[in-house]
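# Notes for the structure review
Given next are the chains, with one letter for each unit.
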Amino acid sequence: MKSLTKVKVGNKLNSNNESFSYIKNSDVEIYNILQKEVSREDNTLELIASENFVSYPVLEMAGGVMTNKYAEGYPGARYYGGCEHVDEAENLARDRAKKLFNCEYVNVQPHSGSQANMAVLMTFLNVGDTIMGLDLAHGGHLTHGSHVNFSGKLYNSVSYYVNKDTGRVDFNSVRSTAKEYKPKLIICGGSAYPRHIEFEHFREIADEIGAFLMADIAHPSGLVAASLHPSPMKYCDIITTTTHKTLRGPRGGMIMMGKDIENKWGIVAPKSGRTKLVSELLDSTVMPGIQGGPLMHIIAAKAIAFNEALQPDFKVYAQQVIDNAKTMSEALLSKDYKLISGGTDTHVVLIDLSNKNVTGKVAEQSLEKAGITVNKNMVPFDKRSPFVTSGVRIGSPAITTRGMKQDEMVKIIDFIDEIITNIENESVIDKVKTEVQSLCSSFPLYSELHN
Ligand SMILES: *Cc1c(COP(=O)(O)O)cnc(C)c1O
């Protein structure tokens, strides 16, 4: 795996070989904030499961001149002139995504994972229709029907749950809820689910009630791309993802279909009336339905990230992500931590801290003081509120990008355990913080971007 530090920045804007010199010379206020963030990312252990560190080429493209271009529409059919080069970039991004995920259709324009999901819901459903997703506290996502999100406000949302003993999706609950409420759309996937998504089981149930099946692979898409997590393409009608989590691209979203499907449901497209293919409907929901001009600099950066993910290196990276998460979960189990589902198949480990008499909130705060970034997280059947929680979620994608392997994972769990078992003990926090910084300095991040 290419370490980030070995990929040359080559930013031609820098005349004096100094990073961000234009910002420095024009706006010192924001420059100082930026430098603090560069240092924070370098000097802390990033264990938030949804985060990663992009390569210099992705970073460079995301800061590139394509940010200037308006390109409403799609390649070859834009509302604006001067789109010949951004058309090439978007076509390249689409072609690479199709190759990476082995799919027939892709839309790379959604600004985020949530917008990708919104586009699907607005394509397939009328306001008031029923959707079914994994409950938020059981690992689902806001856009899967939470009452504080458009998905729960505009649609009638019902949830399925994980089994209390196994921590895995309870397919009895999926089936019985599906049969009772007849959702028009079933969503599988989540944000805090450590195990493989069992697309095949969801397909059976969707077929039993004639529902659409959407897979949201925002979290494991990098593992899917590396063929280290089952692919949803064969089983799910529509697949959405983010591009910035395990896939390690710029912040954004995307929609895919293994095979384009005929619009046999009589869904009416906003402008043209009835259309033949679902791809046309999805495209028109993304733009003009819910978005205006696409972020062409980000779409071009997605193209770069997809190409990186197509290289043999990326598979080595993704395997290491999984090996690292497994090593962390084994180390935690050996220290008597309770893990939801007893372990992981992916990059996510969800820890239930109830037996340690520490809340997720306090754990997050103390770990942050020591330079370890995690997020508090509800655990299934949590008795605490989402602002306090009984758990924390950790993940391996970002620290694996830095080059850390199993030995470092064992150290990191030792750090976490020291903090949790001496909760809010300032001298322990200080000691661990020094150790965290020393570990980080052995795996430098974005060293070319420091002043
Ligand atoms: C992260 C995530 C999203 C949303 O992505 P944003 O880019 O933050 O909008 C959607 N679904 C799932 C399952 C996620 O984990």
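Residues numbered from 1 in each chain as written. Predicted model: local features only at pLDDT ≥ 70, side-chain atom pairs only at ≥ 80, totals over all residues. Heavy atoms only, no water.

We now examine the domain arrangement of the protein chain. Accessible area lost when the parts come together is the quantity often used to give the size of an interface. Looking at the protein chain, the domain boundaries give domain 1 (66–309) and domain 2 (315–449). Each of domain 1 and domain 2 has a C-alpha centre, and these two points are 29 Å apart. Listed as interface residues are 24 residues of domain 1 and, on the opposing side, 24 residues of domain 2. Across the domain 1/domain 2 interface, buried area totals approximately 2000 Å², and carbon plus sulfur atoms make up 63% of it. On the domain 1 side of the interface with domain 2, the three residues burying the most area are Pro 194, Arg 195 and Leu 228, jointly 29% of the side's total. The tally of links from domain 1 across to domain 2 stands at 1 salt bridge. The salt bridge involving Asp 345 is made with Arg 195; its shortest N-O contact spans 2.8 Å. Across the domain 1-domain 2 interface, the total number found is 11 residue pairs in polar contact (both at pLDDT 80 or more). Class assignment for the residues of the side of domain 1 that touches domain 2 results in 9 nonpolar, 11 polar and 4 charged. (Domains from an automatic or database assignment. Contact = heavy atoms within 4.5 Å. Buried area = accessible area lost by both parts, 1.4 Å probe. Salt bridge = Lys/Arg side-chain N within 4 Å of Asp/Glu carboxyl O. Polar contact = N/O pair within 3.5 Å; in protein donor to acceptor, adjacent residues only side chain to side chain. Nonpolar A, V, L, I, M, F, W, Y, C, P; charged D, E, K, R; others polar.)

Backbone torsion omega between Met 287 and Pro 288 reads 10°, so that peptide bond is classified as cis. Tracing the chain through its elements places Pro 288 in helix 10 (residues 278–290). Look at Lys 182: it is not a glycine, yet its phi comes out positive at around 45°. Inspection of the secondary structure puts Lys 182 in the loop between helix 7 (171–181) and strand 7 (185–188). The exposed category is assigned to Lys 182, whose relative accessible area is 52%. Residue Asp 336 is not a glycine yet carries a positive backbone phi of 65°. Tracing the sequence through the fold places Asp 336 in the loop between helix 12 (312–334) and strand 13 (338–339). Note on Asp 336: relative accessible area 54%, which makes it exposed. (Helix = DSSP H or I, 4+ residues; strand = E, 2+ residues; numbered from the N terminus. Buried < 20%, exposed > 50% of the residue type's maximum accessible area, 1.4 Å probe, protein only.)

Turning our attention to the sheet that holds strand 14 (residues 348–352). Hydrogen bonds along the backbone pair up the strands of a sheet, which may run parallel or antiparallel. Taken together, 4 strands build an open sheet; the order of strands is 13-14-17-16 and the sheet is antiparallel. With one partner strand each, in any of the chains shown, strand 13 and strand 16 (375–377) form the two edges of the open sheet. As defined by bridge partners, strand 13 adjoins strand 14 across 2 bridges and the pair is classed as antiparallel. Within strand 14, the position partnered with Lys 338 by the bridge is Asp 352. Helix-sheet contacts for helix 12 involve strand 13, strand 14 and strand 17 (391–395), and the interaxial angle to strand 14 is about 20°. (Pairing = 2+ DSSP bridges. Axes fitted to C-alpha atoms, helices over the stretch in contact; angles between N-to-C directions.)

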